[in-house]
Amino acid sequence: MFWVLLLLLAWAVAGTACTRLCLAAVHAAAMDAKEVTAGQGRDLTLYEAAFLSGGPRRVADLTLVSMARQRRLLLAHTGWATVVDPRGRDEMERSVIGAIGPEGQSRIEPVRDAAAAADAVGSLGDRLVSAGLAVPDGARGGVASAIRQVRLAALFVLALGALALLAPAQSDMPAHLVALWFALPFVVTLSCLAIARMEIHPYAQWASPAGQRLLSTLVRRSGGGDDRTYLTSVAVRGVRAIGEPDLRAAFAHREPHHERSTGAVDGTGGR
C-alpha cells in the first residue's frame, strides 16, 4: 500500500510545518503582551525613527543627509562624499566621518555600508530592542518563515497526493477515496494559513507593534516646512523623501563595475 506511506509522509510534513507556525504565533503573542506598555511616555529621536523604519542603513542615510544639509558634508551628485567639518557632533556623525576615512573623501556607497555596521548603530538597535520598540534579530521574520514553510508543505502534500493517484494501483481503495485522504492534511495547512492571516499580528521588518505606534505618533506630530520635519520624512521614508535633485542623485548613483578608485578626487567625480 504505497499510497499509505505517502499519506503518512504528507501528514508528517504538514504537522511539522503547522506546529512550527503555531509556536511562532505563540512567541509573537508573548512579545505583544510584553510590549503593551513599551514606549509609553517617550518620544522617538530621529535616529531611533530611522532605525525602526529602515534599520541600520536608514540611520546611515539620515546622518549623511543631516550633515549635508548643515553644510558639514558635501554629497556630490556623482556619488562622492567630502568632509567639510571633521568634528562629529554625536556617535553617528563620528561613525560616518570615520567611514569616509582620513583623506576626507570617499564614495557614498561604502560609507553607507560601513556606517550602518558601526558600533554606534548596533548599540542603538540594542537599546530599542531592550525598550520593546524593535524586533530582535531572532524573532524578525520568524512568523514569515513559518508561514512560508506551511505554504511549501501544502504544495508538497499536493505533490504526494498526485504521486499516489498516478502510481500503479496496488490496493482496492478507489482513487477518489485516496484523494480524500490526502485532502485532509492539505485542508489542515490551508486552515493554518487562514488563521495566521487573520490572527497573527503583522510585524514590520524592524519595528515592533509598540515601535510602529510611536512612529505613527511621530509622523502625525511632524508638520510644517522646518528642517526637523524634512529629516523626519527622510527617517521614515528613506532617501526617496529627499527633495533636492542633486542630493537624491548622490544616493542613486552607482559606481560601474569597471571603475576603480586610483587616487584623490575633487568631489565631483573628476580625477
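Above this text is the structure in question.
Please read these numbers as outputs of a predicted model, since none were measured by experiment.

(A) Spotlight on a nonpolar patch on the surface. A grouping of Trp 11, Met 173, Trp 181, Leu 184 and Val 188 is seen on the molecular surface, where their side chains present a nonpolar patch of about 420 Å² in accessible area. In terms of residues, the nonpolar patch owes the most to one element, helix H8 (residues 175–199), which gives 3 residues. Topologically, Trp 11 is positioned in helix H1 (residues 2–34).

(B) Up close: the sheet that holds strand S3 (residues 105–107). In spatial order, the strands read S1-S2-S3; together these 3 strands make up an open sheet with antiparallel pairing. Only two strands of the sheet have a single neighbouring strand rather than two, namely strand S1 (73–75) and S3. Along the sheet, successive strands turn relative to each other by an average axial angle of 20°, direction set aside. Pairing analysis gives 3 bridges linking strand S2 (residues 80–83) to S3, with the strands arranged antiparallel. The residue of S3 that forms the bridge with Trp 80 is Arg 107.

(C) View of the pattern of salt bridges. If you walk through the whole model with that rule in mind, you get 9 salt bridges. Among the ionic pairs, Arg 112 bridges to Asp 61, the shortest N-O distance being 2.6 Å. Remark: Asp 61 occurs in helix H3 (residues 56–69) and Arg 112 occurs in helix H5 (residues 108–116); sequence separation between them is 51 residues. Residue classification places Asp 61 among the buried positions, given a relative accessible area of 5%. By sharing partners, the salt bridges in this structure join Arg 57, Asp 61, Glu 109, Arg 112 and Asp 113 into a single network.

(D) Region of the structure containing the packing of H3 against helix H4 (residues 91–100). Remark: H3 packs on H4, axes separated minimally by 10 Å, with the N-to-C direction vectors making an angle of 90°. With respect to H4, the element H3 is oriented roughly perpendicular. In this structure, H3 uses Val 59, Thr 63, Leu 64 and Met 67 to contact H4, whose residues at the interface are Met 92, Glu 93, Val 96 and Ile 97. Residue composition of the contact of H3 with H4, by class: 6 nonpolar, 1 polar and 1 charged.

Definitions and cut-offs
Within each chain, residue numbers correspond to sequence positions counted from 1 in written order. Confidence filtering applies because this is a predicted model: local features only for residues at pLDDT of at least 70, side-chain atom pairs given and counted only at 80 or more, and all residues used for totals across whole chains, interfaces and linings. Processing note: side-chain calculations cover all non-hydrogen atoms of the structure and skip hydrogens and water entirely. Candidate patch residues must exceed 30% relative accessible area and have no salt bridge, after which like charges are joined if within 9 Å and Val, Leu, Ile, Met, Phe, Trp or Tyr side chains if within 5 Å. Values of accessible area rely on a 1.4 Å probe in the Shrake-Rupley scheme; residue burial ignores everything except the protein chains shown. Salt bridge criterion: a side-chain nitrogen from Lys or Arg within 4 Å of a carboxyl oxygen from Asp or Glu. Numbering of helices and strands runs from the N terminus; a helix is a DSSP stretch of H or I covering at least four residues, while a strand is a stretch of E covering at least two. Note on pairing: two strands pair once DSSP finds at least 2 bridges between them. Helix axes are fitted to C-alpha atoms over the stretch in contact, other axes to C-alpha atoms as well, and angles between N-to-C directions run from 0 to 180 degrees. Burial here depends on accessible area, computed with a 1.4 Å probe over protein chains only, as a share of the maximum for the residue type. Under 20% is buried, over 50% is exposed, and the range in between is partly exposed. Oblique is the label for any angle not covered by the other classes, which are roughly parallel (under 35 degrees), roughly antiparallel (over 145) and roughly perpendicular (65 to 115). The contact criterion used throughout is that any non-hydrogen atoms of two residues lie within 4.5 Å. Polarity classes work like this: nonpolar for Ala, Val, Leu, Ile, Met, Phe, Trp, Tyr, Cys and Pro, charged for Asp, Glu, Lys and Arg, and polar for all others, with Gly in that last group.

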